[in-house]
Amino acid sequence: MDVKIETSWKERLAGEFKKTYFSQLTDFVREEYGKTTVYPRGTQIFNAFEHCPFDKAKVVLLGQDPYHEPGQAHGLCFSVPDGVPFPPSLINIFQEIKSDLGNPIPRSGNLTRWAEQGVLLLNATLTVRAHAAGSHQNKGWETFTDAVIDRLNSERNHIVYLLCGSYAQRKGSIINDSRNLVLKSAHPSPLSAYRGFFGNKHFSQTNDYLIVSGQTPIEW
């Protein structure tokens with residue numbers, strides 16, 4: 001199966017594309033795009049990989065589902081295209097960055113600028129039906145994105161993993177925290193941000209770790 005994904009990731013994930021679950025997932029996703037509205041656009045499903053090649057990844061931010069309302073999802077977790085109002089979780093992320101690092105709230109919620117610095121903005125599920133959160137869960141995407149984390153964990157060291165919320169923490173349970181920095185906190189959604197996301201200082205901790213390990217810090 002010829003999957004349109006960035007070359008370095010295609011090489012690492014080639015085995016996944018040959019597995020039965022991925023063939024079944026592909027059939028499901030194609031059927032969904034053919035009969036209903038699905039986000040993001042088909043050309044943006046693997047956008048996170050396009051902007052952050054395997055050897056360039058130095059931070060992994062794990063999300064769960066793409067945004068499921070019009071104009072929001074574009075293949076990068078928590079990110080929205082230029083000109084789109086910030087969803088609540090993204091507002092809270094920017095508020096924490098401002099509190100932690102003093103950075104002003106940006107005018108755009110497009111996080112492509114993070115991805116191009118080496119932040120893999122990875123959702124566990126890479127597609128979703130419009131207006132239906134979780135609608136593409138348990139169809140195979142989670143197996144695929146587990147493989148992504150496994151490849152990074154096996155071949156790369158000194159990556160920062162930002163695991164916000166219990167879902168991301170379970171998904172990141174395979175990560176070797178003796179060779180990487182694993183930062184855990186509550187999810188930035190309004191329902192949980194005040195229970196441990198605000199004040200976590202994960203963005204400054206990320207940059208401190210990157211500097212100590214000889215890497216360039218992220219311009220958050």
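Below or above, wherever it landed, is the structure these notes cover. (Residues numbered from 1 in each chain as written. Predicted model: local features only at pLDDT ≥ 70, side-chain atom pairs only at ≥ 80, totals over all residues. Heavy atoms only, no water.)

Attention now goes to the overall build of the chain. Looking only at helices and strands, one finds eight helices and six strands in the chain. In terms of overall size, the chain behaves like a compact globule, its C-alpha atoms giving a radius of gyration of 17 Å where 220 residues would be expected to give roughly 17 Å. Here the C-alpha coordinates of the chain stretch approximately 45 × 35 × 25 Å along the principal axes. Long-range pairs, those at least 24 residues apart, make up 64% of the contacts in the chain with a sequence separation of at least 6. Treating the 23 positive side-chain charges of the chain as one cloud and the 22 negative ones as another, the clouds have centres 1 Å apart. (Helix = DSSP H or I, 4+ residues; strand = E, 2+ residues; numbered from the N terminus. Rg over C-alpha atoms; globule rule 2.2 N^0.38 Å. Contact = heavy atoms within 4.5 Å. Lys, Arg positive; Asp, Glu negative; His and termini not counted. Charge placed at Lys NZ, Arg CZ, Asp CG, Glu CD.)

Position of Leu-162 among the secondary structure elements: in strand β5 (residues 160-164). Once residues within four sequence positions are removed from consideration, Leu-162 is found in contact with Val-59, Val-60, Leu-61, Leu-62, Leu-183, His-202, Phe-203, Thr-206 and Trp-220.

Below, the discussion takes up the pairing of strand β6 (residues 181-185). Side chains Leu-181, Leu-183 and Ser-185 of β6 all project onto a buried face; the interleaved residues Val-182 and Lys-184 project onto a face where none is buried. Note: β5 against β6, five bridges, orientation parallel. Each residue of the ladder has a partner; that of Cys-164, found in β6, is Ser-185. Of the crossover connections in this fold, the one passing from β5 over helix α7 (residues 166-171) to the parallel β6 is right-handed. (Buried < 20%, exposed > 50% of the residue type's maximum accessible area, 1.4 Å probe, protein only. Pairing = 2+ DSSP bridges. Right-handed = clockwise from strand over helix to strand, strands pointing away.)

Pairing within the open sheet is parallel, and its four strands lie in the order β3-β2-β5-β6. This sheet does not close on itself; its edge strands, each paired only once, are β3 (119-123) and β6. Averaged over neighbouring strand pairs, the angle between their axes works out to 20° when direction is ignored. Across five bridges, the pairing between strand β2 (residues 59-63) and β3 is parallel. Paired with Gly-63 across the bridge in β3 is Asn-123. On the sheet, helix α8 (residues 202-212) packs against β2, β5 and β6 and is oriented at approximately 175° with respect to β6. (Axes fitted to C-alpha atoms, helices over the stretch in contact; angles between N-to-C directions.)

In this section: helix α1 (residues 7-17). Regarding α1, the residues found buried are Ser-8, Trp-9, Leu-13, Glu-16 and Phe-17. Here the buried residues of α1 occupy an arc of 155° about the axis, which is enough to place them on one side. Residues Thr-7 and Glu-11 are exposed on α1 and point more than 90 degrees away from its buried face. (Arc of directions from axis to C-beta.)

It is worth spelling out the packing of helix α2 (residues 20-35) against helix α6 (residues 141-155) at this point. The contact between α2 and α6 brings their axes to 9 Å, and the two run at 125°. The angle between α2 and α6 places the two elements in the oblique class. The way α2 lies across α6 gives a crossing that is left-handed. Only Trp-141, Thr-143 and Phe-144 of α6 make contact with α2, whose side of the interface consists of Tyr-21, Phe-22, Leu-25 and Val-29. Grouping the amino acids of the contact of α2 with α6 by side-chain chemistry returns six nonpolar, one polar and no charged. (Parallel < 35°, antiparallel > 145°, perpendicular 65-115°, else oblique. Left-handed = near helix turned anticlockwise from the far one by under 90°. Nonpolar A, V, L, I, M, F, W, Y, C, P; charged D, E, K, R; others polar.)

This next bit is on the environment of Glu-142. Along the chain, the position of Glu-142 falls in helix α6. Judged by its relative accessible area of 13%, Glu-142 falls in the buried class. Spatially, the C-alpha atom of Glu-142 lies 31 Å from that of Asp-100, the residues being 42 residues apart in sequence. Filtering out sequence-adjacent residues up to four positions away, Glu-142 remains in contact with Ala-124, Thr-125, Gln-137, Tyr-167 and Lys-171.

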